[in-house]
Amino acid sequence: MKESGNNIGPVSYNVKLLFIVDAIIFFLWPVGSLISSFKHRNYFWAKNIFWLFCIFFGATFITTEGFDSAATHNALIDFRKTGIELKDLLPLLYSEKSTYVDIVQPLLLYIISKFTDNQSVLFAIYGLIFGYFYSRNLWFVLDKIQGKIPTPIFIFILTFALICPIWLINGFRMWAATHIFIFGLLPYLIDGKKNRLWWSFLSIFFHFSFVFPVLILIGYILLKNKV
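Residues numbered from 1 in each chain as written. Predicted model: local features only at pLDDT ≥ 70, side-chain atom pairs only at ≥ 80, totals over all residues. Heavy atoms only, no water.

Chemist: Would you mind showing me how to read the overall build of the chain here?
Modeler: Within the chain, the regular secondary structure consists of 11 helices and 0 strands. Scanning the chain from its N terminus toward the C terminus, one meets helices and strands in the order α-α-α-α-α-α-α-α-α-α-α. Burial status across the chain gives 43% buried among its 227 residues. Looking at the chain alone, contacts between residues at least 24 apart form 66% of all its contacts between residues at least 6 apart. Put simply, the chain shows about 12800 Å² of open surface, and 69% of that area lies on carbon and sulfur atoms. (Helix = DSSP H or I, 4+ residues; strand = E, 2+ residues; numbered from the N terminus. Buried < 20%, exposed > 50% of the residue type's maximum accessible area, 1.4 Å probe, protein only. Contact = heavy atoms within 4.5 Å. Areas by Shrake-Rupley, 256 points an atom, 1.4 Å probe, with all protein chains shown as cover.)

Chemist: How should the pattern of salt bridges be read in this particular structure?
Modeler: Where side chains of opposite charge bring their charged atoms close, a pairing between them can arise. Evaluated as defined, the whole model comprises 3 salt bridges. Across the pair E85 and K114 runs a salt bridge, and its minimum N-O distance is 3.5 Å. Placement of the pair is E85 in the loop between α4 (68-82) and α5 (86-89) and K114 in the loop between α6 (104-113) and α7 (119-142), with a sequence separation of 29 residues. You can call E85 partly exposed: its relative accessible area is 36%. On the basis of relative accessible area, K114 is assigned to the partly exposed category, the value being 34%. (Salt bridge = Lys/Arg side-chain N within 4 Å of Asp/Glu carboxyl O.)

Chemist: Explanation requested: the nonpolar core in the structure shown.
Modeler: In globular proteins that are soluble, nonpolar side chains generally tend to be buried together. Formed by 50 residues in total, the largest nonpolar core has its most connected members in F130, L138, F172 and F206. Within the residue set of this core, elements represented by two or more residues are α3 (46-59), α4, α6, α7, α8 (151-163), α9 (172-191) and α11 (211-223). Sorting elements by how many residues they give to this core places α7 first, with 12 residues. Setting aside chain neighbours within four positions, we find F172 in contact with Q105, L108, Y126, I129, F130, A177 and F206. (Core = buried A, V, L, I, M, F, W, Y, C linked by side-chain atoms within 4.5 Å.)

Coordinates in, geometry out; function isn't part of it.
Here it is in structure tokens:
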């Protein structure tokens, strides 16, 4: 018995067993669990196995000097060393004295710095956030398809998955904002649901440049195809 991510009913013994097997695979062979999550895509836990892999990927992510990831880790180390307090951080947001033009990343760095400056913890948390929206966006599309995926649709889904994949946590601000924007946008465009649009608006706080797609989205909401 298969369980859709949108319609969870009574779970049979075989389904529970399959879930346990997939969970074990994750701890023994994370890449295998990634493959298994797509094989069992119609079961309600599949997107969460995929999400777990994203967290694992973040925890094992290696930074390279000269890239955004290294700069972010260095910023975390600075936060940890200086012991910056929230009252000192808030005035720097959106100010001429700071290089930060967003809210989420410096607040995350501040919170994490109170416990550790460990790179693996930082990027595991990035993987946690990025992976949640990434997995939900991907499964939003997958849940629309019943049965075997036709080749043209498979190519489309693969393209969709690779446009903004998990390894782009190197530039967490921009690419997390992308998935968060899409997380609010897809249900509106495809199903006409407005209750998640506020997520699209929140993408601005992850990366300031999303003010432009948000303005375009607002224009579309107001005008539809009348222009």
